[in-house]
Amino acid sequence: MVTTFFWGFAGMAVLAALLCVTRKSPVASALWLVMTMFSLAAIYVLLDAQFIAVIQILVYAGAIMVLFLFVIMLLNLGQARQTDIRGWFGRGVAVLLGGGIALQLFVLARVVGAEGFGSQTAGYPLPAGALGRVQEAQGAIGMVADPLFRQYLVPFEVTSVLLLAAIVGAVVLAKRKI
Amino acid sequence: MSPELKGLLLVASLKVLGLFVALLVGVIMVVWVERRGSALLQDRLGPNRVGPLGLLQNVADGLKNFIKEEVVPHEADKILFQLAPLLSFIPAFLMFAVIPYAAPLPGFDITLPVLGRFVYEGPVAMVVADLPVGFLFIIAFSSLAVYGITLAGWAANSKYALLGGLRASAQMISYELAIGLSLVVVLLLAGNVSLGEVIAFQQRTTWFVFAATIAYMTFHIGAFAETNRLPFDLPEAEAELVAGYHAEYSAMKYAIYPLSEYAALITMSAFIATLFFGGWDIPFTRWDEQVATAWSAEAVVRFALTNLAFLLKTFFFIWVFVWVRWTLPRFRYDQLMFLGWKVLLPLSLVYIVIMATAVLLLERAGVPHTGRYGLWLFLVNVPLVVALVWGLDRRRVLAGTVRRVRVEA
Amino acid sequence: MAISVKVMRRPDREVSYLRATLKGMALTFSHVFRRKVTMQYPEQTEQEGFWSLSPRWRGTHRMLTDEQGRAKCVACGLCPQICPANCIKLIPGEDEEGNRYPLIYEIDEFRCVFCGYCQEVCPEEAIHVGVHYENAEYERERFVYDLERLCAQTHPVSTLWDPSDPKGE
């Protein structure tokens, strides 16, 4: 049952991602990206990570993509444009990059486990239903918050400093006269 | 199929069906409340011809909208233009799924003639989906409602609609922040995002309107913006943008916009009632909190009374939405942004810090989660609210534009 | 150079947003209990103290009749002459005794601008504008009122503005 749903949503995610990069109209692309994010959220739910799923929708689909749309509309980029991938050179680069990523995935799959991702040799083996039990004990948020603010506190804070630097940088770039 | 699975399916389908029908009827009723309420506030009578007290007026209007001609502008993006009403309609109805609407009923073990045995263990929670993510689900899906509005504005290829859509997206993102941050306080107090737990905690201590008053204020103001109601109805702003984002829609596709707006209005009212006014909790009694283990008249009465309490609270907030609509004028866009980013956001941030400290101190002191806990939190809130009201009154928090604007010559 | 706006320092009770909002909420709520001004129109056409037709209202025409039931009109031709909308059609006739009477007297109420000049100019006080407004018809032709129909109207006639009694006392 879960596997069936997984393949359904995974297929949907891949298809939506493909449509996202192939659509000519930026608005359509953005909407297909939203679709991809939804499918990813569904996969998170299948993995018992409801909090991550709902944050995925809230932050990415609900806030960031709306901002994307906002910018697309403000800049009047709504109409279809010619694609950037032009001529033999462009196509060559595209194939090379795509092939590189595919190869990477392939190698990753080999390294992680010969039998596939579900096997015991996978990177982070968890007994079946382990996440569900943790969630039962700590709630959907505690499950994420606890390791985030205890075990991984320093990386978390470093990330927030990084984001702050990015915000300051954006303000400096956008506003010549402060 | 096992009897347990059948019982689960029965309960789930009954709840989904019941809630969907109740919400659809509720939307019609709310439109009636809005129209008759507006009339009351304006010394009029309002629609009173179709059906008893004019209750069927909206059915008549719905029928009219069904048989009207649908117009799609020539230069519109056809697919998105058709899609946008759905994108606005679906989240509005999905959001209600996580709100509990009554005390749980006991489980059952019945055998029906043809269908066989149905078994459901334990109390049946009166909520369509008691998700572990609770109110985050509502926030997530209310943030999706903006797609319907924004895309409607863009797809119509009309400048008024586009301006409405732009305003909607900027406004809803801005106020989501204030709403989300005020919910952090609720999370701090209840320790859980599941709405069932939030209600249970309020029953043990006190309603969060007393324990987290400023969070309630921020949330309620944000709710006006999220539902695009006056005084924040800038996406529609019929005086300046014709009708804003749905200016180009006609017939049923137009009707879907008010429909989903009112569905969101009901959900927001129910959400406020649940988060800050104890949901289906009946005040001053512990009787409603007992969980029935077997079917009895008492269990049914408890279900009915708690459901009534929930409906009354929800109705009160719907009425407040209508009431405010005919009292306050529409804000200017810069005032809207000023209020969202420079008042509500810092206010809720400061409030989180204060409340977190209070909660931490109370936990350290070992105060149990009873009425006493609520009383302490209330005592913390009183000076804060007094200070806020004093500041508002003395124009420390909000001030006229004259003070802020310096015209550069 | 910055233009600075002089800000008047006014007492808080006048400028407080909070108090103004609360006052406004109380005011709107008080309207719930006030008397409603809606007039239930088809059942109720007048409401004492709120709305009733003025006796000076200039609505659709009416022709007054004498004791024998004949129109008072003597077909003098003054009303079609003065009518600014040119909506009165009058063809005079004369009987054996030399009395003039209208052979055809028609008023096109669609063209009429309801100025009331016809009533003012009429020497016999025959044609009047009436205190009446329910004129709906299913066909356009029905809006041309002939003499018979004008005589058959029963609504009160308009009391036009009188310069010697400007307030209508």
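To start, this report covers the structure provided alongside it. Bear in mind the structure is a predicted one, so any value in this text is a computation, not a measurement.

1. Remarks on the overall build of chain C
- Tallying secondary structure elements over chain C gives five helices and six strands in all.
- What you see in chain C, going N to C, is helices and strands ordered as β-α-α-β-α-β-β-α-β-β-α.
- Residues counted as buried form 31% of the 169 residues belonging to chain C.
- Of the contacts made within chain C by residues no fewer than 6 positions apart, 66% connect residues no fewer than 24 positions apart.
- When the accessible surface of chain C is totalled, it reaches about 11700 Å², and 53% of it is carbon and sulfur.

2. A few points about the sheet that holds strand β3 (residues 88-94) of chain C
Residue and element names in this part refer to chain C.
- With antiparallel pairing, the three strands of this open sheet are ordered in space as β3-β4-β6. Whereas interior strands pair on both sides, the edge strands pair on one side only; in this sheet they are β3 and β6 (144-145).
- In this structure, strand β4 (residues 100-108) lies alongside β6, joined through two bridges in antiparallel fashion. The residue bridging Ile107 from the neighbouring strand is Tyr145, located in β6.

3. A look at the side chain of Glu226(B)
All names here are of chain B.
- Position of Glu226 relative to the elements: it lies in helix α8 (residues 213-226).
- The side chain of Glu226 sits in the buried core without any salt bridge; Arg229 is the nearest counter-charge, 14 Å away.
- Excluding residues within four positions of it along the chain, Glu226 makes contact with Ser142, Met172, Tyr175, Glu176, Ile179 and Met268.

4. Some points on unusual backbone geometry
All names here are of chain C.
- For Asn86, which is not a glycine, the phi torsion comes out positive at approximately 55 degrees.
- By the secondary structure assignment, Asn86 is in the loop between α3 (78-82) and β3.
- In the Ramachandran plot, Phe114 falls in the positive-phi region, its phi being about 55 degrees despite a non-glycine side chain.
- Positionally, Phe114 belongs in the loop between β4 and α4 (117-121).
- Among the residues examined, Phe114 registers a relative accessible area of 24% and is labelled partly exposed.

5. Topic: the nonpolar core
Residues and elements named next belong to chain B.
- Counting residues in hydrophobic clusters, the biggest one holds 146 residues, and the most contacted among them are Phe135, Leu183, Phe208, Phe219, Phe271, Leu275 and Phe276.
- Here this core gets 16 residues from one element, more than from any other, and that element is helix α4 (residues 135-155).
- With residues up to four places along the chain from it excluded, the contact list for Phe135 reads Leu183, Val186, Leu187, Asn192, Val193, Leu195, Val198, Phe271 and Leu275.

6. Some thoughts on the interface of chain A and chain B
- Between chain A and chain B, the contact holds 23 residues from the first and 23 residues from the second.
- In this assembly, chain A packs against chain B so that about 2100 Å² is buried in total across both faces, 85% of it on carbon and sulfur atoms.
- Linking chain A with chain B are zero salt bridges.
- Across the chain A-chain B interface, the total number found is one residue pair in polar contact (both at pLDDT 80 or more).
- Elements that contribute at least two residues to the side of chain A that touches chain B include exactly α2 (26-46), α3 (50-74) and α5 (130-149) of chain A.
- When residues in the side of chain A that touches chain B are grouped by element, the largest group, 15 residues, is from α3(A).
- Residues that form the side of chain A that touches chain B fall into these classes: 19 nonpolar, four polar and no charged.

7. Comments concerning helix α1 (residues 2-22) of chain A
Residues and elements named next belong to chain A.
- An ideal rise of 1.5 Å per residue puts 30 Å on 21 residues; α1 measures up with 30 Å between its terminal C-alpha atoms.
- Along α1, the residues classified as buried are Ala10, Ala13, Ala16 and Cys20. The buried residues of α1 occupy one face: seen down the axis, they fall within an arc of 135 degrees. In α1, those exposed residues whose orientation departs by more than 90 degrees from the buried face are Thr3, Thr4, Trp7, Val14, Leu15 and Leu18.
- Packed against the buried residues of α1 are α2.

8. Side note on the pattern of salt bridges
- For the structure shown, the criterion picks out 10 salt bridges over all chains.
- With a closest N to O distance of 2.9 Å, Asp334(B) and Arg332(B) form a salt bridge.
- Residue class for Asp334(B) comes out partly exposed when judged on its relative accessible area of 35%.
- We note a salt bridge from Arg142(C) to Glu137(C), for which the minimum N-O separation is 3.2 Å.
- The class of Arg142(C) is partly exposed, set by a relative accessible area of 40%.
- Under the relative-accessibility criterion, Glu137(C) is labelled partly exposed at 26%.
- Connected through salt bridges with shared partners, the residues Glu34(B), Arg229(B) and Arg325(B) form a single ionic network.

9. Re the environment of Val242(B)
Residues and elements named next belong to chain B.
- Within the secondary structure, Val242 is located in the loop between α9 (238-241) and α10 (251-276).
- Residue class for Val242 comes out partly exposed when judged on its relative accessible area of 47%.
- Among residues more than four places away in sequence, those in contact with Val242 are Tyr160, Glu236 and Ala237.

10. Observations regarding the packing of aromatic side chains
- A complete count under the given rule lists 29 aromatic pairs over all chains for this structure.
- Measuring from centroid to centroid gives 4.9 Å for Trp323(B) and Phe29(C), while their planes differ by 50 degrees, and the two rings are tilted. Of this pair, Trp323(B) sits in helix α11 (residues 297-325) while Phe29(C) sits in helix α2 (residues 17-30), each in a different chain.
- Owing to a relative accessible area of 17%, Trp323(B) belongs among the buried residues under this scheme.
- One cation-aromatic arrangement involves Arg91(A) over Trp88(A); the distance from NZ or CZ to the ring centre is 5.7 Å.
- One cation-aromatic arrangement involves Arg149(C) over Tyr145(C); the distance from NZ or CZ to the ring centre is 4.0 Å.

11. Notes on the environment of Gly116(B)
Residue and element names in this part refer to chain B.
- Secondary-structure assignment places Gly116 in strand β3 (residues 116-120).
- Under the relative-accessibility criterion, Gly116 is labelled buried at 19%.
- On a C-alpha basis, the gap between Gly116 and Gly18 in space is 22 Å, while along the polypeptide they are 98 residues apart.
- Excluding residues within four positions of it along the chain, Gly116 makes contact with Lys6, Ile110 and Thr111.

Quick notes on the rules
Residues numbered from 1 in each chain as written. Chains lettered and ligands numbered in written order. Predicted model: local features only at pLDDT ≥ 70, side-chain atom pairs only at ≥ 80, totals over all residues. Heavy atoms only, no water. Helix = DSSP H or I, 4+ residues; strand = E, 2+ residues; numbered from the N terminus. Buried < 20%, exposed > 50% of the residue type's maximum accessible area, 1.4 Å probe, protein only. Contact = heavy atoms within 4.5 Å. Areas by Shrake-Rupley, 256 points an atom, 1.4 Å probe, with all protein chains shown as cover. Pairing = 2+ DSSP bridges. Lys, Arg positive; Asp, Glu negative; His and termini not counted. Salt bridge = Lys/Arg side-chain N within 4 Å of Asp/Glu carboxyl O. Core = buried A, V, L, I, M, F, W, Y, C linked by side-chain atoms within 4.5 Å. Buried area = accessible area lost by both parts, 1.4 Å probe. Polar contact = N/O pair within 3.5 Å; in protein donor to acceptor, adjacent residues only side chain to side chain. Nonpolar A, V, L, I, M, F, W, Y, C, P; charged D, E, K, R; others polar. Expected span 1.5 Å × (residues − 1). Arc of directions from axis to C-beta. Phe/Tyr/Trp six-rings, centres within 6.5 Å; stacked < 30°, edge-to-face > 60°. Lys NZ or Arg CZ within 6 Å of the ring centre and 35° of its normal.

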